[in-house]
Amino acid sequence: MELNSKIPPGSLEEKWTKYRSTMPLVAPANKRRIEVIVVGTGLAGASAAASLGELGYNVKCFTFHDSPRRAHSIAAQGGINAAKNYMNDGDSVYRLFYDTIKGGDYRSREANVYRLAEVSAAIIDQAVAQGVPFAREYGGLLENRSFGGVQVSRTFYARGQTGQQLLLGAYQSLSRQISLGSVQMYNRHEMLDLVIVDGKARGIIARNLLTGKLERFGAHCVVVATGGYGNVFYLSTNAMGSNVTAAWRAVKRGAYMANPCFTQIHPTCIPQSGEYQSKLTLMSESLRNDGRVWVPKKIEDAQAIQQGKKKGNEIPEEDRDYFLERRYPAFGNLVPRDVASRAAKTECDKGHGVAPTGLAVFLDFAAAIERYGKSKANTIGLHDASKEKIRELGEEIVKEKYGNLFDMYEKITGDNPYKTPMKIYPAVHYTMGGLWVDYNLETNIPGLFAVGECNFSDHGANRLGASALMQGLADGYFVLPYTIGSFLSNEIRTPMINTNSPEFEAAEKATRDQIEHFINNKGNQSVESFHRRLGKIMWEYCGMARNAEGLTKARQMIRELREEFYKDVFVPGIADEFNPELEKAGRVADFIDLGEMMVVDALNRNESCGGHFREEYQTEEGEALRDDENFTFVAAWEYRGNEDPVLHKEALKFENIELKARSYK
C-alpha cells in the first residue's frame, strides 16, 4: 500500500504558513467539550499537554515516572539547534533544512524537515521566556556552539544540562495547566494498550504501577510521546526504564512502525567496563567542538595502553593518528555521528583501540586547553606566561564550558580528563525509526498522534546532534496544537467516550491475560537475563554493521528466545501490587517483538544509509553506499503477529534538494 503523507501543496517555503492558516479549527467553546490523552511527559509530551491545555482542551497526561520531570529528556546534554544566525556565520532556515536532510542521508521528508527548521527559532524564544538559562556571551547575547555534520554554530546550550533545563521549562508550563485544571496528571501510570472504537483511537488501558490496578481512560484522541526504543539493545545511553511498550502496543493494534532499523550509534560514550553493566553513559557531542579524536599509530603503543603500561599523554604527537581529521578534513572531528562511530569502530577493529577491551579511542583536550590558555593570558596581559600558567588558565575556560561533563566522566572512570585524554566508544543512543505519521503527526490509525522520538518523522537514517530537543519541542509547542485540529474539528459532536464499551472491556481483558501469564508462569530465568541476551543478539547482528547472513541468523535466534521467554521467564510477586519485575516483563516481551521487526527491516533494505550500514553495500573507502533507485522510501511495517510483517511504502520525493552521495571530506 502506498501511504499518503498528506503534504500540503505549494512551495516548500510557504507550505506550513499556508497550511496552518487554512486548516480546520476547533472553536474555544468546543475545545472545552473535547478530551485528549497525552502519554509521556518528556519534551514532546510535556510541551504538547501544556499547549493543548492552554488552548482549552481537557487533557489527561500520563507518565510511568513519579513526576513528569523525571522523563528521559532530562538527560540530554549538548544543546538544541535553531536557525537564528546569531553568530553571523551564514546560517539560515534553508541551511538547517539542508544539513538535516543531508545528515539523515536523504531518507526523510523535505516538507517535514523544512517545517522543523522554520519553527526552530520560535523554540528558543519560548524557552528564554520560560527562564531557561542558556549560555550567554560577553555582551549578554545567547551563545552558540557547533555540532557534528554542520559548518556553522547554531546550537544553544546550558552547559551540559540543556535537556534538564528545557524540560524544567516545559514542566513549568505543564504544572500551570495542572493547577488550572485543564490538565489532569496521572503519575505512575503505564499505558499497556490502545483502545480503538469504530476505527478511531478513543482511549488507553493503563496500569497503576503503585497498586497494580488496570484502569480505563477514554478521550476523543490519543497522543503518544514516549520516546525511543534504544533499550532493545540492552546497553544504551537511555535510562533503564526507557521502553517501547506504549508505541508497540499501538503497533499491535494496527499502527505502522516506520524504519525501525534506523538506530543511531553515538560516537562519544564512556566505554563498557564490565559484562554485567546495565547501561552506558553519554558524553555530549559538544565535546567534539574542542576535543580531538585519535588513536596510536603503532599497534604496540595501543597494546601497551590496553595493558596499562602506558597512558595516552605519553604518546608523542608524531605517533598519534587523528583519524577523523585525516579522513574528513572539511569537517574534522565534527562529522556526523554515524560517520564518526564507524570510523572509531574501524580503528578499533584494526587493533588501535585504547581500552582494556580494545574498544575505545581517545578524545583529547590538551590542544584546546593550551589554545584557550594562551588566549586568556594575552587578554590579561601575560605575554610571557609559563606553560603551567597557560594550562591553568586553559583548564578554567574548559571547566566553564564543559565542567559538569568532565566531573561526571571522572566520577565514573576515575580518570581526570583535564590531565589525560578521555576514552570514548560508540553506543546506541537515539532511534530515528518509530510510529509512522503523516504531515499532521497522525498515524495511520485516525485519532492516534505520535510526537517526538517515538515517531519516525524528521531525522531520516541519522539524526544530527542537538536536533532531538528541537524536534520534540517543535512537535509539542508549534506543530501538534495546529494539526490536531484537522482530526478534532470533526469530533465536536462526539460525546464523552464511554469506557464501559465492549472495546474497552476486550482491551483490558487482553492486558490482564498477559499479566496473569507472567505471574503464573513460574519459570526459572529472570526477565533481566532475557533482555541481556536479546541485546547481545541485536548489537552483534543489527548494530553498527549488518549483513544478510547475520540478520537472517539473528531473526531465528530472536524467535527461539521469544519461545524460551514465554516458557521459562520467572516474575516474582503478584499482579495487584507494586511490582517492577512485572513491568519489566511486559517491556522485554515488546522489545523481543520489536527486535525481530528491526531485523526484518534491516534485511529488506539492501543499501547502506546513515546509521544503517550493510557491509555488502559500501564504497571502496568504506563509506555508506545508498541505492536511491530502489530504496528512496519510508518503510512502514504492519504487525501481523506470528506471520511476517507487511511492508507499506511512502515514496520520498526530493524537489528542492539534489540527491547525491554524502561527503564530509
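Preceding this section is the structure that the text describes.
Residues numbered from 1 in each chain as written. Predicted model: local features only at pLDDT ≥ 70, side-chain atom pairs only at ≥ 80, totals over all residues. Heavy atoms only, no water.

K.L.:
Break down the environment of Thr226 for me, citing the residues and quoting the values.
P.N.:
Checked against the element boundaries, Thr226 lands in the loop between strand 9 (221-224) and helix 7 (245-252). By relative accessible area, Thr226 is classed as partly exposed at 26%. Once the C-alpha coordinates of Thr226 and Gly586 are considered, the two residues, 360 residues apart in sequence, prove to be 16 Å apart. Setting aside residues up to four positions removed in sequence, Thr226 forms contacts with Val39, Gly40, Asn243, Ala246, Ala247 and Cys454. (Helix = DSSP H or I, 4+ residues; strand = E, 2+ residues; numbered from the N terminus. Buried < 20%, exposed > 50% of the residue type's maximum accessible area, 1.4 Å probe, protein only. Contact = heavy atoms within 4.5 Å.)

K.L.:
Can you tell me about unusual backbone geometry, naming the residues and giving the values?
P.N.:
Phi is positive for Arg188, close to 55°, though the residue is something other than glycine. Here Arg188 lies in the loop between strand 5 (183-186) and strand 6 (189-197). Positive phi is not limited to glycine here, since Leu441 has a value of about 65°.

K.L.:
Lay out the sheet that holds strand 11 (residues 263-269) in plain terms, naming residues and giving numbers.
P.N.:
The 5 strands lie next to each other as 11-15-14-12-13, forming an open sheet whose pairing is antiparallel. One side of each edge strand has no neighbouring strand; the edge strands of this open sheet are strand 11 and strand 13 (320-321). Both strand 11 and strand 15 (residues 422-431) contribute to a ladder of 4 bridges, which runs antiparallel. Considered in strand 15, the bridge of Ile265 is made with Val428. (Pairing = 2+ DSSP bridges.)

K.L.:
Please provide a residue-by-residue account of the packing of helix 7 against helix 18 (residues 580-604), values included.
P.N.:
Running from amino to carboxyl end, helix 7 crosses helix 18 at an angle of 60°, the nearest separation of the two axes being 10 Å. For the element pair helix 7 / helix 18, the angle class is oblique. Crossing angle aside, the handedness with which helix 7 passes helix 18 is left-handed. Residue-level contacts link Thr245, Trp248, Arg249 and Lys252 of helix 7 to Gly586, Arg587, Asp590, Asp593, Leu594 and Met597 of helix 18. Looking at the contact of helix 7 with helix 18 residue by residue, the class counts come to 3 nonpolar, 2 polar and 5 charged. (Axes fitted to C-alpha atoms, helices over the stretch in contact; angles between N-to-C directions. Parallel < 35°, antiparallel > 145°, perpendicular 65-115°, else oblique. Left-handed = near helix turned anticlockwise from the far one by under 90°. Nonpolar A, V, L, I, M, F, W, Y, C, P; charged D, E, K, R; others polar.)

K.L.:
Please set out the environment of Ser608 residue by residue, giving values where relevant.
P.N.:
Along the polypeptide, Ser608 turns up in the loop between helix 18 and helix 19 (628-631). Residues Ser608 and Phe62, spaced 546 residues apart in sequence, show a C-alpha to C-alpha distance of 38 Å. Beyond its immediate chain neighbours, meaning those up to four positions away, Ser608 contacts Asp105, Phe613, Arg614, Tyr617, Ala624, Leu625 and Arg626. At a separation of 2.6 Å, a polar atom in the side chain of Ser608 contacts the main-chain carbonyl oxygen of Tyr617. (Polar contact = N/O pair within 3.5 Å; in protein donor to acceptor, adjacent residues only side chain to side chain.)

K.L.:
Describe helix 12 (residues 387-413), listing the residues and the values that go with them.
P.N.:
Taking 1.5 Å per residue as the helical rise, helix 12 with its 27 residues ought to reach 39 Å, whereas the 27 Å between its terminal C-alpha atoms falls clearly short. At Tyr402, helix 12 shows its largest bend, some 90°. When helix 12 is considered as a whole, its buried residues turn out to be Ile390, Leu393, Gly394, Glu395, Ile397, Val398, Tyr402, Gly403, Asn404, Leu405, Phe406 and Tyr409. The elements touched by buried residues of helix 12 are helix 11 (366-379) and strand 15. Following helix 12 by one or two positions, Gly414 adopts a phi angle in the positive range, close to 85°. (Expected span 1.5 Å × (residues − 1). Bend = angle between axes of the 7 residues up to and from the residue.)

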